[in-house]
Amino acid sequence: QLQLVESGGGVVQPGGSLRLSCVASGFTLDYYVILWFRQAPGKEREGVACIDCTNGMTYYKDSMKGRFTISRDNAKSTVYLQMNSLKPEDTAVYYCARAPIYRGFDPTQYDYWGQGTQVTVSS
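1. Things to note about the pairing of strand β6 (residues 57-60)
Part 1 of the argument: Sheet topology note: the strand β5 (residues 46-52)/β6 ladder contains 4 bridges and is antiparallel. Residue Ile 51 lies in a different strand from β6, and its bridge partner there is Thr 58.
Part 2 of the argument: Hairpin geometry of β5 and β6 is characterised by an intervening segment of 4 residues between the two adjacent antiparallel strands and by a positive phi of about 85° at Gly 56.

Encoded structure:
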C-alpha cells in the first residue's frame, strides 16, 4: 500500500523549466524526509535535493542551488521539485525516496523509492 509516484517529466529545450511531483500514499508525509535523486544511462545515481517534511528544512547539492527548488504540501501529501534553466546534462530519470530521518544524498540509505519520471533536455 506504500507508494511514491513521480510525475511531471517530459522533453524540454535547454533553458526551459519543469516541475516534478512526488505523491505519497500509505503513510503520513509530514513524519518523513523525502529525497529527489536522478540517474542517467551509464551513470551513477546522483542526489539532487532533500526536504525534511517535519519542519520544512531543505538541502541541496551545490551544483543544483539557484536552479532547483524543493518544496512540499503536506495536506496534499506531495513533494515538488521545480527545475529551471535546464541543461542537457540534467537529462535523467528522476526519482523520489523516503526515510524517517535525514540520511544525506545517498539513495540507498532511504527506505523506499518510486518508479521515476523521465526528463529529457534537448534542442
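2. Considering the state of the cysteines
Part 1 of the argument: The tally for this structure, following the rule as stated, stands at 1 disulfide.
Part 2 of the argument: Between the sulfur atoms of Cys 22 and its disulfide partner Cys 96 the distance amounts to 2.1 Å. Classification of the bridge connecting Cys 22 and Cys 96 rests on its S-S torsion, roughly 75°, and on that basis the disulfide is right-handed. With a gap of 74 residues between them, Cys 22 in strand β3 (residues 18-25) and Cys 96 in strand β9 (residues 92-99) connect regions that are remote in the sequence. The two residues Cys 22 and Cys 96 agree in class, both being buried.
Part 3 of the argument: Between Cys 50, a cysteine without a disulfide, and Cys 53, which holds the nearest cysteine sulfur, the sulfur-to-sulfur distance is 8.4 Å.
Part 4 of the argument: The class for Cys 50 is buried, based on a relative accessible area of 0%.
Part 5 of the argument: Under the relative-accessibility criterion, Cys 53 is labelled buried at 1%.

3. Some details on the packing of aromatic side chains
Given two aromatic rings, one states the distance between the centres and the angle between the planes to describe the pair.
Part 1 of the argument: Summed over the entire model, instances satisfying the criterion amount to 4 aromatic pairs.
Part 2 of the argument: Summarising the aromatic geometry, the rings of Phe 27 and Tyr 32 are spaced 5.0 Å apart at their centres and angled 75° between planes, so their arrangement reads as edge-to-face.
Part 3 of the argument: Taking relative accessible area as the criterion, Phe 27 reaches 13% and is therefore assigned buried.
Part 4 of the argument: Grouped by ring-pair contacts, the aromatic residues Phe 37, Tyr 95 and Trp 113 constitute a single cluster.
Part 5 of the argument: The lysine or arginine in question, Arg 98, covers the ring of Phe 27, its NZ or CZ lying 4.8 Å from the ring centre.

Cut-offs used in this document
Residues numbered from 1 in each chain as written. Predicted model: local features only at pLDDT ≥ 70, side-chain atom pairs only at ≥ 80, totals over all residues. Heavy atoms only, no water. Pairing = 2+ DSSP bridges. Helix = DSSP H or I, 4+ residues; strand = E, 2+ residues; numbered from the N terminus. Disulfide = S-S within 2.5 Å. Buried < 20%, exposed > 50% of the residue type's maximum accessible area, 1.4 Å probe, protein only. Phe/Tyr/Trp six-rings, centres within 6.5 Å; stacked < 30°, edge-to-face > 60°. Lys NZ or Arg CZ within 6 Å of the ring centre and 35° of its normal.

Just distances and angles here, no functional claims.
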